[in-house]
Amino acid sequence: MRRRTFLASVAAASLTGIQTASAATDRILRLPAPTGPWPVGTTTRALTDRARSDPWNGSPTREIALTVFYPATGVRGCQRAPQLAPAAAEVFKQLDAGLLHPELPTSGVDWAATLTHSYVDAPALPGRRPTLLYSPAGADPRTIGTSLAEDLASHGYVVMTMDHPGEASEVVFPDGRLRTIEISPDVQTDPVQSRLMMDTRFADMRFVLDQLDEPVGVYGHSAGGATAAVSLAHPNVRAAINLEGYLDTLDGELYDIAKKPLLLAGTDGFRDARFDRSWSAVMAQGGPVRRVQLTDANHWIWTDYAALAPQLQSAGLMTAAQRAKLIGSSSCGVPEVRRLVRGFFGPTFRR
């Protein structure tokens, strides 16, 4: 079955309740607790860019979904938010686990049961807080960047994680609407489609940044890392972290990166000639650019999979080889990534 047809059937089943309930024996995975002094609140938002059409579904406007994490004064009486909404979890277990990330098990996990450490609509801590924006990897939903966002919020940041609808595997909007991936798989090999995807991402990020009236930091993973780096051109952006994203197009054209603080963070398991070529070219242009590399690590260590994969391996639902292909063999990926990101943004926003 072609991916587009498969996605359409998954989305329809999710919305009409055709999918069967998870077995009682399915594993419940847990996200690591935040390390900061503040409890974390969360809410969701949708923004509509009426000046731009949607390239993936033909809509005359472009709608962006965001989740906001923030330090809260308390969480009494508030409910913990799930990592994945039920409709999103139904798609996730057949698309993300079935096709996009073949290392993940297609059964044995209750993906809807994982809770975040954030509380819905908890009262926000008074005062202005440094703001960070997160852009996920190509095809990944914003929900896979939850753990790092929560940790940052617990240390006093307001963190907005954003989806790029039509490209993300599944997007749930605040009103409950579910939108599944519509982009063609040839985006990974077709320079024209790839450029359209990245240009759409860049425009999504500019639109969200335009809504803010304060300095922000931006970080992102893979295609989201490139999005973060390119966002340095926006006047509101002080600094950015590129978590293992290529900084050039498929046909080798280097992205225009402004000379502001930029961290290029990679792994020894996903390094290749294209990274070295594009990252070295950006560093050669001068400016406050730094490059670091995590050892015994692989591409998705920058996401929630860093916490989930070891649990899957312990449960016999993932082999050591599959774990290594997804996140590497490091046992300290979560704290390493958290310290790295906090350590970079801390001096930028220190008052």
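Residues numbered from 1 in each chain as written. Predicted model: local features only at pLDDT ≥ 70, side-chain atom pairs only at ≥ 80, totals over all residues. Heavy atoms only, no water.

## Quick look at the confidence of the model for the protein
Thinking step 1. For the protein, per-residue confidence averages 92 on the pLDDT scale, and 93% of positions sit at 70 or higher.
Thinking step 2. Long-range and interchain partners of residues 1–22, a stretch whose pLDDT sits below 50, account for 30 contacts in this model, where long-range means more than four residues apart. (pLDDT = per-residue confidence, 0-100. Contact = heavy atoms within 4.5 Å.)

## Concerning the environment of Asp26
Thinking step 1. Relative to the helices and strands, Asp26 is located in the loop between α1 (3–16) and β1 (40–49).
Thinking step 2. Among the residues examined, Asp26 registers a relative accessible area of 17% and is labelled buried.
Thinking step 3. Taking the C-alpha atoms as reference, Asp26 lies 35 Å from Ala124; in sequence the two are 98 residues apart. (Helix = DSSP H or I, 4+ residues; strand = E, 2+ residues; numbered from the N terminus. Buried < 20%, exposed > 50% of the residue type's maximum accessible area, 1.4 Å probe, protein only.)

## Some details on helix α4 (residues 146–154)
Thinking step 1. The element α4 is extensively covered by neighbouring structure, given that 9 of its 9 residues are classed as buried.
Thinking step 2. Residues of α4 that are buried: Thr146, Ser147, Leu148, Ala149, Glu150, Asp151, Leu152, Ala153 and Ser154.
Thinking step 3. The first or second residue beyond α4 is Gly156, which carries a positive phi of 105°.

## Describing the pattern of salt bridges
Thinking step 1. Per the stated rule, a full pass over the model turns up 21 salt bridges.
Thinking step 2. Linking Arg62 and Asp204 is a salt bridge whose minimum nitrogen-to-oxygen distance equals 2.9 Å. In this pair, Arg62 sits in strand β2 (residues 62–71) while Asp204 sits in helix α5 (residues 191–210), placing the two residues 142 residues apart along the sequence. An identical accessibility class is assigned to Arg62 and Asp204; each is buried.
Thinking step 3. For the salt bridge of Arg338 with Asp151, the shortest nitrogen-to-oxygen distance reads 3.6 Å. Taken together, the residues Arg338 in helix α10 (residues 333–349) and Asp151 in helix α4 connect sequence positions 187 residues apart. (Salt bridge = Lys/Arg side-chain N within 4 Å of Asp/Glu carboxyl O.)

## Structural notes on the sheet that holds β1
Thinking step 1. In space, the 10 strands of this open sheet follow the order β3-β4-β1-β2-β6-β5-β9-β10-β11-β12, with mixed pairing throughout. The open sheet is flanked by β3 (80–82) and β12 (289–294), the only strands paired with a single partner. On average, adjacent strands in this sheet sit at an angle of 30° to one another, irrespective of strand direction.
Thinking step 2. Bridge analysis of β1 against strand β4 (residues 115–120) gives 3 bridges, and the strand direction is parallel. If you follow Thr42 over to β4, its bridge partner there is Val120. (Pairing = 2+ DSSP bridges. Axes fitted to C-alpha atoms, helices over the stretch in contact; angles between N-to-C directions.)

## Observations regarding the packing of aromatic side chains
Thinking step 1. For the coordinates displayed, the defined rule picks out 10 aromatic pairs.
Thinking step 2. Among the aromatic residues, those joined into a ring-pair cluster are Tyr134, Tyr157, Tyr219, Phe344, Phe345 and Phe349.
Thinking step 3. Over the ring of Phe173 we find Arg177, and its NZ or CZ is 4.5 Å from the ring centre.
Thinking step 4. Positioned above the aromatic ring of Tyr246, the side-chain terminus of Arg274 is 3.9 Å from the ring centre. (Phe/Tyr/Trp six-rings, centres within 6.5 Å; stacked < 30°, edge-to-face > 60°. Lys NZ or Arg CZ within 6 Å of the ring centre and 35° of its normal.)

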